[in-house]
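# Tertiary structure, described
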Amino acid sequence: MSALIEVKDLCVDYITLNGRVRAVNNVSFTIGEGEILGLAGESGCGKSTIAYALMRLHRPPALISGGQILFEGKNVLDFDDETLRQFRWKDTSMVFQSAMSCLNPVKTIEYQFYDIFKAHNMITNRQESIERAKELLRIVDIPEGRLFDYPHQFSGGMRQRVVIAMALALKPKLLIMDEPTTALDVVIQREILQKVYELKQQFNFSVLFITHDLSLMVEFCDRIGIMYSGQLVEVSDSKAILQQPLHPYTFGLGNAFPTLTGELKVMVGIPGTPLDLSNVPSGCRFAGRCFKASDQCHRVEPALIPQAERGQVACHQPLPLPALFAESDTLLNDCNDRLQESRDVG
């Protein structure tokens, strides 16, 4: 599978009164043609910041301070204004978190489709725009008669499907979905993701899928990247990410989701709090919350490296599996005890 987009050592900073805060630190990954890559992690770990960087949507105080974003071999960071305008929506489009915020409340859906086609010189008259828009609505299972309605006349799930139709209007090669099912019930979530998957099969575009829901991501994605405090800590096949996690943080995320079958058990969360990016310690960023942390972890920052066909991980002590799962409760409880001991000493 050839790479559609290749991100190399991407860095994104936010300029504050107290200096720069690095929200994304030397992140590298690829997305192949027709592949679905997921990005998961806690709030504030840099997932959406990466998504905005791929389309250069950041505005001050955000600043892309390093790295490359290669789309079909061309560096997006070198695009001039006109090339960038054509790149957006035509080569890469985005479905944002809140569909209602993305749609103009005082314009009909038809006008907003027309605005997209006109901006990219894809039509010669208004009627052609209407016909194309009707076809796109049919693709996402919305009656074409709703084309002349306003956004507030649609339900949340229908608005999200309208936004997806708009994102696919120019047949992009990459679709970025930034938590597209937020605030939707689980039935609508599944319907929308199923529709996106069907459209991907039909049009063969690639997808970058961002969400907090790791269990949902496992069903939808080919590969998954786990982010922590602005860095990628693991990239692996979606089926292996829960069954054979390499990084202790990934293991903690997997144990935060209850199973639908089997015996009931008390859920054990990851101890501690996310890192303050304005005061990053040396070594591994997860060391202060990790049940396997050693002196080396607190001194040396681990690199993201391959691990014997199990994916990539940035960890000095990748987890041994499957034996670890038999001891998962003991290990997590031990992690909590160790953290409490360190607090008592402090």
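If you're wondering where the values come from, they're calculated on a predicted model, not measured in any experiment. The numbering scheme is per chain: residues are counted from 1 as the chain's sequence reads. Whole-chain, interface and lining totals are the exception, using all residues; otherwise, since this is a predicted model, local features are given only for residues with pLDDT of at least 70 and side-chain atom pairs are given and counted only at 80 or more. Side-chain figures throughout are based on the complete set of non-hydrogen atoms in the structure, without hydrogens or water.

## Structural notes on the pairing of strand 2 (residues 19–32)
In short, DSSP must find at least two bridges between two strands for them to pair. Helical segments are the DSSP runs of H or I of at least four residues, strand segments are the runs of E of at least two, and each set is numbered from the N terminus. Two strands pair when backbone bridges link them, and strand 1 (residues 3–16) and strand 2 are joined in this way by 10 bridges, in the antiparallel orientation. Pairing of I5 across the sheet is with I31, part of strand 2. Counting the residues in the hairpin turn of strand 1 and strand 2 gives two residues.

## Details of the pairing of strand 8 (residues 206–210)
Burial analysis of strand 8 places five of its five residues in the buried class, which makes it a mostly covered element. On strand 8, burial covers both faces: S206, L208 and I210 on one face and V207 and F209 on the other are all buried. Type-normalised accessible area, obtained with a 1.4 Å probe on protein chains alone, sets the label of each residue: buried when under 20%, exposed when over 50%, and partly exposed for intermediate values.

## Points about empty space enclosed by the protein
In this analysis a 1.4 Å probe is tested at points of a 1 Å grid over the protein atoms alone, and where it fits but cannot get out there is a cavity; an open set with protein on both sides within 12 Å along at least five of seven lines is a pocket; lining residues have an atom within 4 Å of a point. Grid points are joined across faces, edges and corners, and a volume is the space filled by probe spheres set on the points. The full count for this structure, using the stated rule, is four cavities of 30 Å³ or more. One number sums up the size of the largest cavity: a volume of about 60 Å³. Across the lining of the largest cavity, the residue classes tally to eight nonpolar, two polar and no charged. Residue type decides the class: Asp, Glu, Lys and Arg count as charged, Ala, Val, Leu, Ile, Met, Phe, Trp, Tyr, Cys and Pro as nonpolar, and the leftover types, Gly among them, as polar.

## Comments concerning the packing of helix 4 (residues 109–119) against helix 6 (residues 156–167)
Axis lines are fitted to C-alpha atoms, over the contacting stretch for helices. Their N-to-C directions set the angle, which ranges from 0 to 180 degrees. Between helix 4 and helix 6, whose axes approach to 10 Å, the crossing angle comes to 20°. Put simply, helix 4 runs roughly parallel to helix 6. You can see that helix 4 and helix 6 cross each other, and the crossing is right-handed. Contacts between helix 4 and helix 6 involve I109, Q112, F113 and I116 on the former and, on the latter, V162, A165 and M166. Its residues assigned to classes, the contact of helix 4 with helix 6 shows six nonpolar, one polar and no charged. In what follows, roughly perpendicular refers to angles from 65 to 115 degrees, roughly parallel to angles under 35, roughly antiparallel to angles over 145, and oblique to any angle outside these ranges. Crossing chirality is assigned from the near helix's rotation relative to the far helix, an anticlockwise turn below a right angle marking it left-handed and a clockwise turn marking it right-handed. Residues count as neighbours in contact if any of their non-hydrogen atoms are within 4.5 Å of one another.

## Describing the side chain of R285
Following the sequence through the fold, R285 ends up in the loop between helix 10 (248–254) and helix 11 (295–299). Polar contact is the term for a pair of N or O atoms within 3.5 Å; when the atoms are in protein, one must be able to donate a hydrogen and the other to accept it, and sequence-neighboring residues count only if both atoms are side-chain atoms. Separated by 2.5 Å, the side chain of R285 and the backbone oxygen of S229 make a polar contact. Not counting residues within four places of it along the chain, the set of residues in contact with R285 comprises N25, Y228, S229, Q231, L275, L277 and V280.

## Points about the nonpolar core
Residue types Ala, Val, Leu, Ile, Met, Phe, Trp, Tyr and Cys, when buried and joined through side-chain atoms within 4.5 Å, form a set referred to as a nonpolar core. F113, I164, F209 and I226 are the most contacted members of the largest nonpolar core, which has 60 residues in total. Ranked by residues supplied to this core, first place goes to helix 6 with seven residues. Both of domain 1 (103–169) and domain 2 (243–345) provide at least three residues apiece to this core. The contact partners of F113, leaving out residues within four places of it in the chain, are S129, A133, L136, L137, L147, V162, A165 and M166. Judged by nonpolar contacts, the second largest core, of 31 residues, contains L37, I50, F87 and L174. Each domain span listed reflects an automatic or database assignment of domains.

## Regarding the packing of helix 6 against helix 7 (residues 186–203)
Between helix 6 and helix 7, the least distance of the axes is 10 Å, while the angle of their chain directions is 20°. Taken as axis vectors, helix 6 and helix 7 run roughly parallel relative to one another. Crossing of helix 6 against helix 7: the hand is right-handed. For the pair formed by helix 6 and helix 7, the contact residues are G157, Q160, R161 and I164 on the first element and I188, E191, I192, V196 and L199 on the second. Of the residues assigned to the contact of helix 6 with helix 7, the class counts are five nonpolar, two polar and two charged.

## With respect to the pattern of salt bridges
Counted as salt bridges are all cases of a side-chain nitrogen of Lys or Arg within 4 Å of a carboxyl oxygen of Asp or Glu. On inspection of all chains with the given rule, the structure shows 14 salt bridges. The shortest N-O distance in the salt bridge between R20 and D13 comes to 3.3 Å. Given a relative accessible area of 52%, R20 falls into the exposed group. Classification of D13 as buried rests on a relative accessible area of 2%. Residues joined in a network through salt bridges with shared partners are D13, R20 and R22.

## Quick notes on the environment of M94
When you line up the elements, M94 lands in strand 6 (residues 92–95). Placed 55 residues apart in sequence, M94 and D149 show a C-alpha to C-alpha distance of 22 Å. Setting aside residues up to four positions removed in sequence, M94 forms contacts with A51, Y52, M55, L57, W89, A167, I176 and D178.

## Describing the confidence of the model for the protein
Every residue gets a pLDDT, meaning the predictor's confidence in that residue, from 0 to 100. Per-residue confidence for the protein gives a mean pLDDT of 88, with 91% of residues at or over 70. For the protein, helix 12 (residues 323–326) is the element with the lowest average pLDDT, namely 43, and strand 4 (residues 62–71) is the one with the highest, namely 97. A low-confidence stretch, residues 323–328 stays under pLDDT 50, and its non-local contacts, those more than four residues away or across chains, total nine contacts.

## What about the side chain of S238?
Its location among the elements puts S238 in helix 9 (residues 238–243). Looking at S238, its side chain comes within polar contact range of the main-chain oxygen of C221, at 2.8 Å. Beyond its immediate stretch of four places on either side in the chain, S238 contacts V218, C221, D222, R223 and I224.

## Thoughts on helix 2 (residues 81–90)
Listing the buried residues of helix 2 in full gives L84, F87 and W89. All buried residues of helix 2 fall inside an arc of 160° around its axis, so they share one side. Looking at the buried side of helix 2, the elements it contacts are helix 1 (47–54), strand 4, strand 6, helix 4 and helix 6. The directions considered for the arc run from the helix axis to the C-beta atoms.

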